[in-house]
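Residue strings, one per chain:
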Amino acid sequence: MTKLKIQHSQVGLAYRDQGTGPPLVLLHGFPLDHTMWNSQINALSTTCRVIAPDLRGFGNSPLSKGDAERGIDMAEYAADVLALLDELVGDDPVILCGFSMGGYVLWQFVLQYPTRVRALVLSDTKAANDSDDARQTRLDAAKAVMCAGVGPVAEAMLPKLLSPTTLAHRRELVEQVDTMIRATAPEAVAAAQRGMARRPDVRENLAELTLPTLVIVGAEDAISPPAEMVAIAAAMPRARYIEVSQAGHLAPLENPKVVNDEMLFFVASLK
Ligand code: MLT
């Protein structure tokens, strides 16, 4: 197995940078890190320069003082990514791909820095913000994780992240995701939960996002179900919608072949 180097940027984000070609940036979900994209990094770096950061607090990227208590806004994660891209690609516009929480960050990035993006890939994410109940659940979870640690987070999230078939039959994949979650610092979980709880609803902005867009979702996604992603694709002027069979929320990990093929096809269509 090839081990690829994780680098640290001046802005403090750890990232993988692999391949040459148009820059493609992969933003991971919660409470995960850039390794959720390993299969996409390997497949897409044959034609793109793939940049996959660990968002602040996740993987090998440190938190800043006070982040856990304060919470990190999706716009702050987006500003971190902008600073990383300033360093790596200057103002060259990127193909920006966000999975779930990475998608929440993507919305803020493209709305605030539209000239820095040439195309979008939305994987298993939402445009709506939280209901009052969901918001309260997140704030409670942010408190609880600081006492109970990430074990209960892994136990609660695994059944939602993976399809029933994956959970029942793909032990290695379940363990990979479980290990990724348990490696996350409680402070990073608290910071992200507080930030996600106050993220904006961007459904009103979708019509103004006229970039070529790929919307991709696991057919059995229980967190951002296909119906919600169909609505996102319908509201975006240039979106292509793909439903991935044999996959739950973590479609890029559960059915990487379909996700990689669709992303390669999409990237090729941009030339
Ligand atoms: C994720 O996969 O990033 C999370 O499920 C997002 C969320 O908690 O809304």
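Before reading on, note that the structure itself is shown above.
Note that this is a predicted model, so its numbers are computed, not measured.

Engineer: Can you tell me about the pattern of salt bridges, naming the residues and giving the values?
Structural biologist: According to the stated counting rule, one finds 17 salt bridges in the structure shown. With a closest N to O distance of 2.6 Å, D130 and R138 form a salt bridge. The buried category is assigned to D130, whose relative accessible area is 8%. Among the salt bridges present, the one from D178 reaches R182, with a minimum N-O distance of 3.0 Å. Of this pair, D178 and R182 both sit in helix α8 (residues 171–182), four residues apart, roughly one helical turn. Each of R56, D67, R70, E76 and D80 takes part in one network of salt bridges that share partners.

Engineer: I'd like a description of the site of the ligand, backed by residues and values.
Structural biologist: Surveying the vicinity of the ligand reveals the residues G29, F30, F99, S100, M101, Y104, R138, M157, M196, I223 and H249. Here R138 contributes a side-chain N or O atom positioned 2.7 Å from an oxygen atom of the ligand. Out of a free accessible area of 270 Å², the ligand has 95% covered by protein chains. Per-class residue counts for the shell around the ligand are seven nonpolar, three polar and one charged.

Engineer: Got a sec to walk through the side chain of D54? Specific residues and values, please.
Structural biologist: Here D54 is to be found in the loop between β4 (49–53) and α2 (67–70). Of the buried charged residues, D54 lacks a salt bridge, with R16 as the closest side chain of opposite charge at 9.5 Å. Among the polar contacts listed, one links the side chain of D54 to the backbone nitrogen of H34, at a separation of 2.8 Å. Setting aside its immediate chain neighbours within four residues, D54 contacts L13, A14, H28, D33, H34, G59, N60 and S61.

Engineer: Talk me through the packing of helix α6 (residues 151–161) against α8; I want residue IDs and the actual numbers.
Structural biologist: Viewed as axis vectors pointing N to C, α6 and α8 meet at an angle of 140 degrees, and their least axial separation amounts to 9 Å. What the angle tells us is that α6 and α8 run oblique. With respect to the hand of their crossing, α6 and α8 are arranged in right-handed fashion. Only V174, V177, D178, I181 and R182 of α8 make contact with α6, whose side of the interface consists of G151, V153, A154, E155, M157, L158 and L161. When the residues that make up the contact of α6 with α8 are grouped by side-chain class, the tally is eight nonpolar, one polar and three charged.

Engineer: Which residues make up the nonpolar core, and what are the values?
Structural biologist: Within the largest apolar cluster, 93 residues are counted, with the highest numbers of intra-cluster contacts made by M101, W107 and V177. Looking at which element gives the most residues to this core, the answer is helix α3 (residues 74–89), with nine residues. Not counting the four nearest positions on each side in its chain, W107 is found in contact with L122, K126, A127, V202, L206, L209, I232 and M236.

Engineer: An account of the sheet that holds strand β2 (residues 14–18) is needed here, citing residue identities and associated values.
Structural biologist: Ordered in space as β1-β2-β4-β3-β5-β6-β7-β8, the eight strands form an open sheet in which the pairing is mixed. Since the sheet does not close on itself, it has two edges, and those belong to β1 (7–8) and β8 (239–244), each with one partner. The sheet contact formed by strand β3 (residues 23–27) and β4 spans three bridges and is parallel. In the sheet register, V25 faces β4, and the bridge partner there is I51. Sheet contacts for α3: β2, β3, β4 and β5 (94–99); angle to β4, the most-contacted strand, approximately 145 degrees. Across the sheet, helix α4 (residues 101–112) touches β3, β5 and β6 (117–123), and the angle it forms with β5 is around 140 degrees.

Engineer: Let's hear about the environment of V25: which residues, and what values?
Structural biologist: Assignment of secondary structure puts V25 in strand β3. In this structure V25 comes out as buried when scored by relative accessible area, which is 1%. Note: C-alpha distance between V25 and R70 (45 residues apart in sequence) is 27 Å. Apart from residues lying up to four places away in sequence, V25 is in contact with I51, P53, V81, L85, V94, I95, L96 and C97.

Engineer: Lay out the pairing of strand β7 (residues 213–218) in plain terms, naming residues and giving numbers.
Structural biologist: β7 sits mainly inside the fold: six of its six residues count as buried. Of the two faces of β7, both are covered, the one formed by T213, V215 and V217 as well as the one formed by L214, I216 and G218. Relative to β8, β7 runs parallel, the two sharing six bridges. Across the sheet, T213 pairs through a bridge with A239, a residue of β8. At this point the chain moves from β7, through helix α10 (residues 226–235), to the parallel β8, and the crossover so formed is right-handed.

Scoring rules and cut-offs
- Residues numbered from 1 in each chain as written.
- Predicted model: local features only at pLDDT ≥ 70, side-chain atom pairs only at ≥ 80, totals over all residues.
- Heavy atoms only, no water.
- Salt bridge = Lys/Arg side-chain N within 4 Å of Asp/Glu carboxyl O.
- Buried < 20%, exposed > 50% of the residue type's maximum accessible area, 1.4 Å probe, protein only.
- Helix = DSSP H or I, 4+ residues; strand = E, 2+ residues; numbered from the N terminus.
- Near = heavy atom within 4 Å.
- Polar contact = N/O pair within 3.5 Å; in protein donor to acceptor, adjacent residues only side chain to side chain.
- Areas by Shrake-Rupley, 256 points an atom, 1.4 Å probe, with all protein chains shown as cover.
- Nonpolar A, V, L, I, M, F, W, Y, C, P; charged D, E, K, R; others polar.
- Lys, Arg positive; Asp, Glu negative; His and termini not counted.
- Contact = heavy atoms within 4.5 Å.
- Axes fitted to C-alpha atoms, helices over the stretch in contact; angles between N-to-C directions.
- Parallel < 35°, antiparallel > 145°, perpendicular 65-115°, else oblique.
- Left-handed = near helix turned anticlockwise from the far one by under 90°.
- Core = buried A, V, L, I, M, F, W, Y, C linked by side-chain atoms within 4.5 Å.
- Pairing = 2+ DSSP bridges.
- Right-handed = clockwise from strand over helix to strand, strands pointing away.

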